[in-house]
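# Examining the three-dimensional arrangement
Residue-level listing of the chains:
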Amino acid sequence: LPQLKLLVGKGLLKSDVRIFIDKVSSVLTRGCDEYFCSPHTINFLEQRRDNFETLIYDIFKLGNGRFEPEPPPFYDYEYAEKWLHLKRPKIEGNILTSKHHELGRVQYYSQAYRFLPFISALRTTAKYGAGDGRYFFVADPGEGLRGFNAGLVNLAAFLANAMAESIDHDSCEEFHWEKDIATGRYAISNSCGQNGRNYGTESCPPWQSFMTCPAATDAELQASIPETSEPPFRLGPKPPPFQCMPKSNLPSSGFWEEPTNTLDNNANYPNSYGRTDVEGCSFWGRGVLHTRGTCNFGKFNFHVGARAAAQNRPSLYPDLDFCSDPGLICSDEERTMDIRWVVGMFEWIDRVQDYYDSALDWNYMRELYKYVDGGMSDDSFIDKVNLILARGCHLYPCSSYFAVESDRFLYSNEKRTNFRNILKLLFELPLSEAPPNTPAASGSGSSFVQPSEPAVNRPPTKPPTVRPTTVQVQTPSPVKSVTTNAPTILPVTAEPTTPRVPTGSPIELSDITQWNDGETHVINSKETSFLDESIVVTRGTTFLLEPGGYVEAPLNTNWPAVRLSIGSMFAGTGGAINGSYADPSFLEGEYADGGDGLHINNGQSSDVTGSKGSFFDGVVIVGGDAPIGVGGNALYVNGFGSEAKIYGGSFVGGKGAKDNGYSILVQNSAKVHVYSGSFDGEIKVDRSAEIIFYGCFKRDRLHVSGTFPDETYLDVSIRTSYGGEITLMAVSEQECDTAPSMSPTNFPTVSPRPTPKYNHGDRKTQSFVEISLSLASMLLFGLFWI
């Protein structure tokens, strides 16, 4: 109350109003009044500010501070962290995502690397430092916006490397990736070093040699197995995790053979460096950059670990000795989620930000600003940065002392693509286009031909088809053909002459069929349909579902019936897709929640790899029912570049005892265009995604109703959160009594839905701001629904 009275007494200046509502919002959502008192995000902060100012200045007509000139931003770390919180949905949905490499790079939220630990580690290293005078660079207040942009470029380069090194595989510890192609054998001594490296002998240069960790010959360690190495993320046997053991216990480490899935610990089998044992081999990669070697771990321990504390220097982790047990980076129960970020940021500071080649007078920080000043278009900058991190030099052959001479995985194309996508699509910096012949600009593109806008003389769509009561899917009867400008099938480069079930290239797995050959697959009869099977469509492959065809997922599985990713396409002109029916009384599976019907995903961090879908009258997409759990979603569209166009069809969320599934769930900058169709179940728009309805509609908070151009009536509940947008778009062919708003609307809503264990939808309750202010008492009352 004293702060409230002070705000009013000073005349409700806009700058004071912003500070006040920020503090109130922080108290309500996080329990403390300072912005940096907690790493948690204040959801809808911009909306809270706008709503508060609108109520004070426009509705209650209080104060004269509305047009107070805003001071220019002060581009320091505090500004950068607030900015990153506003980008949280895009960062979580596009950077902090991992891929299942055995199922067409199926994308899921990373379990090992999450947003709040990332922010916590960034605050530690950028604001307070990681050792004496070592700071992760995110902004330079003295350079203003130029310094802030340079900080974002530095962060983007770091994240681009982190995505390729560890986030993509969702692994805190290094794993076997080097094998003998001819025999399929992985050397168990890969833990000592891969691609010609020997991590235990990579000492620091003479002037830093005192920092090097000793390679203890009696050390016994084993890499931790992440959650994502277990089903459903991992299929089939894999080489054992890295290990370190004295020769007295394991004279010869042997190999693991992929064709036979067998382990032979008696063979004298060398890795690429020639090691046949694992003695002293505890310095394999760990953390977000998979930091490796006795020098890198030694520096980390010297500056922020137990050795710093032993020498009475400030230490972030005084009780952790990263030389005697490097595994603490990934295994410390209380701090590992932060440490795995901090160790990567420390290595970035030490090896990239501090990099200087005296022979060529090449300085990273100077080149960083050159890149920003030059329009951020020269890909040679990120290529040089990638070389610095991988080999210790920016040009080959290396001119610096500490250079790793190897052909180690550089992921150069992937890192370059990640870097440009982060800058342009996520951070939205003013990038100049890369030259047409660069990998960043080429891309495969999409052959998906967008359907033309449908005519208005189509009959109303039939009500949703009743879900089958038996295990066999009953497909709907074909709808009578009508005149329309929308295509009746998805245009493809070469339509197949006969329907076929995939053979050859697609990988057949238990209960999962994968199509990844870039061709067109048609399901239009009982013979070509799938029962008790999930289909994964990836790598530019097309799936055409016609009348008479169906796909039904196995019982009690969290996999969707059909999943598209990496530039794949779907068109449904008939037939049915049924998500998994969940009932623990069945012997198969173990999931109490219903499975989703159809997923349309991106699968990679690029707008050109988004998948597409078109839906027409006659197709039915159904989420799986759950007698004791939460029903599955019918249609899930996820990731920037992913898009669905609905010209008709029925979308039915699964029925559940705890809650029903959504008819449509759209997330992470994806888009859904709706021209017609019927929807049984709520719709959810989340994390900067957008759904657009074409026709005459009106919105009343959670409710959208009206008619499509074909006179089909829509009456549906829609929820939004984290920047999800609903757009009601009038069309020229249809005359409306009250024209809908042509601008997006976005109202945060309250949702009672529980969070399913493996459901993509965020079913947690959301929040929004309602603020009241009494003119008589000059007291402000803010009511937030959390």
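Report on the accompanying structure. Everything numeric in this text was worked out from a predicted model, so none of it was measured. (Residues numbered from 1 in each chain as written. Predicted model: local features only at pLDDT ≥ 70, side-chain atom pairs only at ≥ 80, totals over all residues. Heavy atoms only, no water.)

## Observations concerning unusual backbone geometry
In most cases, non-glycine residues show a negative phi, while peptide bonds are predominantly trans. Located in the positive-phi region is asparagine 261, a residue other than glycine, with phi close to 55°. Looking at where asparagine 261 falls in the secondary structure, it is placed in the loop between strand S6 (255-257) and strand S7 (262-264). The phi dihedral of serine 688 is positive, around 65°, even though this residue is not glycine. Note that serine 688 resides in the loop between strand S29 (683-686) and strand S30 (690-694). (Helix = DSSP H or I, 4+ residues; strand = E, 2+ residues; numbered from the N terminus.)

## A few points about the packing of aromatic side chains
Using the criterion set out here, one finds 37 aromatic pairs in the structure. Taking 5.6 Å as the distance between ring centres and 25° as the angle between the ring planes, the aromatic pair formed by tyrosine 75 and phenylalanine 148 counts as stacked. A residue pair is termed long-range when its members are at least 10 positions apart, and tyrosine 75 in the loop between helix H3 (45-59) and helix H4 (77-86) and phenylalanine 148 in helix H7 (residues 144-167) qualify at 73 residues. Measuring from ring centre to ring centre gives 5.3 Å for phenylalanine 570 and phenylalanine 615, while their planes differ by 45°; the resulting arrangement is tilted. Separated by 45 residues along the polypeptide, phenylalanine 570 in strand S18 (residues 569-572) and phenylalanine 615 in strand S21 (residues 612-615) bring together distant segments of the chain. Across the pair, exposure class does not vary: phenylalanine 570 and phenylalanine 615 are buried alike. Linked through ring pairs, Tyr113, Phe115, Phe118, Phe136, Phe158, Trp341 and Trp348 together constitute an aromatic cluster. Across from the ring centre of phenylalanine 255, 4.0 Å away, lies the NZ or CZ of arginine 185, which sits over that ring. We note arginine 687 situated over the ring of tyrosine 722; from NZ or CZ to the ring centre the distance is 4.8 Å. (Phe/Tyr/Trp six-rings, centres within 6.5 Å; stacked < 30°, edge-to-face > 60°. Buried < 20%, exposed > 50% of the residue type's maximum accessible area, 1.4 Å probe, protein only. Lys NZ or Arg CZ within 6 Å of the ring centre and 35° of its normal.)

## Comments concerning helix H8 (residues 294-304)
Here H8 lies mainly inside the structure; 11 of its 11 residues are buried. Here H8 has its buried residues at Thr294, Cys295, Asn296, Phe297, Gly298, Lys299, Phe300, Asn301, Phe302, His303 and Val304. Buried-residue contacts for H8 involve helix H9 (306-310), helix H10 (328-331) and helix H11 (336-353). (Contact = heavy atoms within 4.5 Å.)

## Structural notes on the nonpolar core
Membership of the largest hydrophobic core comes to 88 residues, with the highest contact counts inside it found for Phe136, Val153, Phe158, Trp341, Trp348, Phe419 and Phe427. No other element matches H7, which puts 13 residues into this core. The contact partners of tryptophan 341, leaving out residues within four places of it in the chain, are Leu96, Tyr113, Arg114, Pro117, Phe118, Ala121, Phe158, Leu159, Ile167 and Val288. Listed in part, the 44 residues of the second largest apolar core include Phe615, Val619, Ile683 and Val716. (Core = buried A, V, L, I, M, F, W, Y, C linked by side-chain atoms within 4.5 Å.)

## Some details on the pattern of salt bridges
Within this structure, the stated rule accounts for 35 salt bridges. In this structure, arginine 185 engages glutamate 257 in a salt bridge whose closest nitrogen and oxygen atoms are separated by 2.9 Å. On the criterion of sequence distance, the pair formed by arginine 185 in strand S3 (residues 185-187) and glutamate 257 in strand S6 is long-range, its members being 72 residues apart. Across the pair aspartate 361 and arginine 366 runs a salt bridge whose closest N-O atoms are separated by 3.4 Å. Judged by relative accessible area, aspartate 361 falls into the partly exposed class, the value being 42%. With relative accessibility at 34%, the residue arginine 366 sits in the partly exposed group. By sharing partners, the salt bridges in this structure join Arg88, Glu92, Asp686 and Arg687 into a single network. (Salt bridge = Lys/Arg side-chain N within 4 Å of Asp/Glu carboxyl O.)

## Comments concerning the packing of helix H1 (residues 2-9) against helix H2 (residues 14-30)
Between H1 and H2, the least distance of the axes is 10 Å, while the angle of their chain directions is 165°. Between H1 and H2, the interaxial angle falls into the category roughly antiparallel. Crossing angle aside, the handedness with which H1 passes H2 is left-handed. Side by side, H1 and H2 meet where Gln3, Leu4 and Leu7 of the first sit next to Asp16, Val17 and Phe20 of the second. (Axes fitted to C-alpha atoms, helices over the stretch in contact; angles between N-to-C directions. Parallel < 35°, antiparallel > 145°, perpendicular 65-115°, else oblique. Left-handed = near helix turned anticlockwise from the far one by under 90°.)

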